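Below are the chains, spelled out letter by letter.
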Amino acid sequence: MYELVYDYKNLYDAYLKARKQKRYRRDVLQFSYTLEENLIELQNELIWKTYKVGPYHPFVIYEPKKRQIFALPFRDRVVQHALNAVIEPIFERCMIYDSYACRRGKGTHQAARRMAYFLGKSNNYYYLKADIKAYFSSINRTILRTIIARKINDENILWLIDEILNSTPDSGLPIGNLMSQLFANVYLHELDHYIKNVCGVKFYIRYMDDFIILHNNKAYLCGLLSKIKSFLRTQLALELNDKTKVGKTSNGIEFVGYRIWSRNKLIKKQSLSRMRKKARAWRHGKISDERFLSSLGSWLGHAADTASHQAVERILLDNLRFAIYTKKQLKTQ
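What you see is a predicted model, and the numbers here were worked out from it, not measured in a lab.

Engineer: Can you help me understand the packing of helix H12 (residues 269–283) against helix H13 (residues 289–303) in this one?
Structural biologist: Helix-helix packing is characterised by the crossing angle of the two axes and by the distance between the axes. Orientation of H12 relative to H13, taken along the N-to-C sense of each, is 155°, at an axis distance of 10 Å. Taken together, the axis directions place H12 and H13 in an arrangement best described as roughly antiparallel. Crossing of H12 over H13 shows left-handed handedness. In contact with Met275, Lys278, Ala279 and Trp282 of H12, H13 contributes Asp289, Arg291, Phe292, Ser295, Trp299 and His302. Residue composition of the contact of H12 with H13, by class: five nonpolar, two polar and three charged.

Encoded structure:
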């Protein structure tokens, strides 16, 4: 199976995936300039197992909250796409239907629709909403490696996985890394299995480390919460954060950027506030036109099929008026 990873066509396909929407960045252009030579070099490093992960470039983002991202050199992103193409289908076959993060056809819109479907079922009066405290940095690599080895028995692929897992001195997994997304999903699949198959929960949904359970009995959910905490602590060395709670579904549930009811959903107030803040920053020249325009499409997509679409359209119209007014002012000068 390892030979599939370093197969030249697989490496070329991985290069195309890695450069998607980034083809004019300097590091991508440099790699592309001598593409065949670079791919053959990577192929040889993988064949002879001399490959080493390059240095990460850390930076901080602030949306939706402050996070430190670790960006890899482009050649390493190519390797991760090549590895992912081979091993992702193996893990995908094991995933539950209602795990929605970083999976094909399983994005935020699908998760929101599924949640609304669950809420439309009779007697789902209460919900348990929880997420993991500092999830990526709390993942235990030893436990993760054991979980991975249950599905992957090719020692050469395990060698490459070890190179990636041990490429940072810190514990946990680096955010911003393709394999981190896959392995983070694989890690919490253990929780999915426990909740669905051991506890017998019917209405359960997870988006990365955020998960929700619906039931008609509040006491049942409180008791289940204690079991989940014990499982996470003893089996995965994880803790739930302080925002974990049991509440009434009639008040709506905040999930994947929305407040959701069975027949309606709203964009969270914090998201609308961030939109207005970014629009003000653009009007004052603090962010570029390109960056602002790239946000517009995602805003409209996020607002689709919600009762908040008028609020988002109002933000866009206000800024369109500003752009037209500014253009007229420049013409008269």
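Engineer: Looking at this model, I keep getting lost on the environment of Trp48. Mind explaining?
Structural biologist: You can see Trp48 is positioned in the loop between helix H4 (35–47) and strand S1 (57–61). Distance in space between the C-alpha atoms of Trp48 and Leu240 is 42 Å, their sequence separation being 192 residues.

Engineer: I keep staring at the pattern of salt bridges and nothing clicks. Help me out?
Structural biologist: A side chain with one charge may pair with a side chain of the opposite charge, provided their charged atoms come close. Going through the model one piece at a time under the given rule, you end up with 13 salt bridges. Linking Glu92 and Arg103 is a salt bridge whose minimum nitrogen-to-oxygen distance equals 2.6 Å. Separated by 11 residues along the polypeptide, Glu92 in helix H5 (residues 74–92) and Arg103 in the loop between H5 and helix H6 (108–119) bring together distant segments of the chain. Judged by its relative accessible area of 32%, Glu92 is partly exposed. Overall, Arg103 belongs to the buried group, its relative accessible area being 10%. With a shortest N-O distance of 3.1 Å, Arg259 and Glu254 are connected by a salt bridge. Exposure remark for Glu254: the relative accessible area of 26% places this residue in the partly exposed category. Beyond isolated ion pairs, a larger network of salt bridges with shared partners links Arg25, Asp27 and Arg77.

Engineer: It is not clear to me how helix H10 (residues 178–198) should be interpreted in this structure. Could you clarify?
Structural biologist: Under the 1.5 Å per step criterion, the end-to-end length of H10 is 30 Å for 21 residues, consistent within 8% with the ideal 30 Å. At Leu188, H10 shows its largest bend, some 30°. Most of H10 is tucked away: 15 of the 21 residues are buried. The N-cap residue of H10 is Asn177: its side-chain oxygen and the backbone nitrogen of Met179 are 3.0 Å apart. Of the residues one or two after H10, Gly200 is the one with positive phi, at around 70°.

Engineer: So what exactly am I meant to see when it comes to the packing of aromatic side chains here?
Structural biologist: Remark: the centre distance and the inter-plane angle together describe each pair of aromatic rings, the angle taken between the planes. Applying the stated criterion across every chain, the model contains 12 aromatic pairs. Ring centres of Tyr2 and Tyr6 lie 5.3 Å apart, and the angle between their planes is 75°; on these two criteria the pair is classed as edge-to-face. Here Tyr2 and its partner Tyr6 are both found in helix H1 (residues 2–6), four residues apart, which amounts to about one turn of the helix. Ring plane angle 45° and centroid distance 6.2 Å describe the contact between Tyr117 and Phe118, whose orientation is recorded as tilted. Feature note: the residues Tyr12, Tyr15, Phe31 and Phe74 constitute an aromatic cluster, connected by ring pairs. The lysine or arginine in question, Lys106, covers the ring of Tyr97, its NZ or CZ lying 3.4 Å from the ring centre. Over the ring of Tyr100 we find Lys106; its NZ or CZ atom is 4.8 Å from the centre of that ring.

What counts and what doesn't
- Residues numbered from 1 in each chain as written.
- Predicted model: local features only at pLDDT ≥ 70, side-chain atom pairs only at ≥ 80, totals over all residues.
- Heavy atoms only, no water.
- Axes fitted to C-alpha atoms, helices over the stretch in contact; angles between N-to-C directions.
- Helix = DSSP H or I, 4+ residues; strand = E, 2+ residues; numbered from the N terminus.
- Parallel < 35°, antiparallel > 145°, perpendicular 65-115°, else oblique.
- Left-handed = near helix turned anticlockwise from the far one by under 90°.
- Contact = heavy atoms within 4.5 Å.
- Nonpolar A, V, L, I, M, F, W, Y, C, P; charged D, E, K, R; others polar.
- Salt bridge = Lys/Arg side-chain N within 4 Å of Asp/Glu carboxyl O.
- Buried < 20%, exposed > 50% of the residue type's maximum accessible area, 1.4 Å probe, protein only.
- Expected span 1.5 Å × (residues − 1).
- Bend = angle between axes of the 7 residues up to and from the residue.
- Polar contact = N/O pair within 3.5 Å; in protein donor to acceptor, adjacent residues only side chain to side chain.
- Phe/Tyr/Trp six-rings, centres within 6.5 Å; stacked < 30°, edge-to-face > 60°.
- Lys NZ or Arg CZ within 6 Å of the ring centre and 35° of its normal.

So, to be careful, I would describe these as geometric facts and stop short of saying anything about function.
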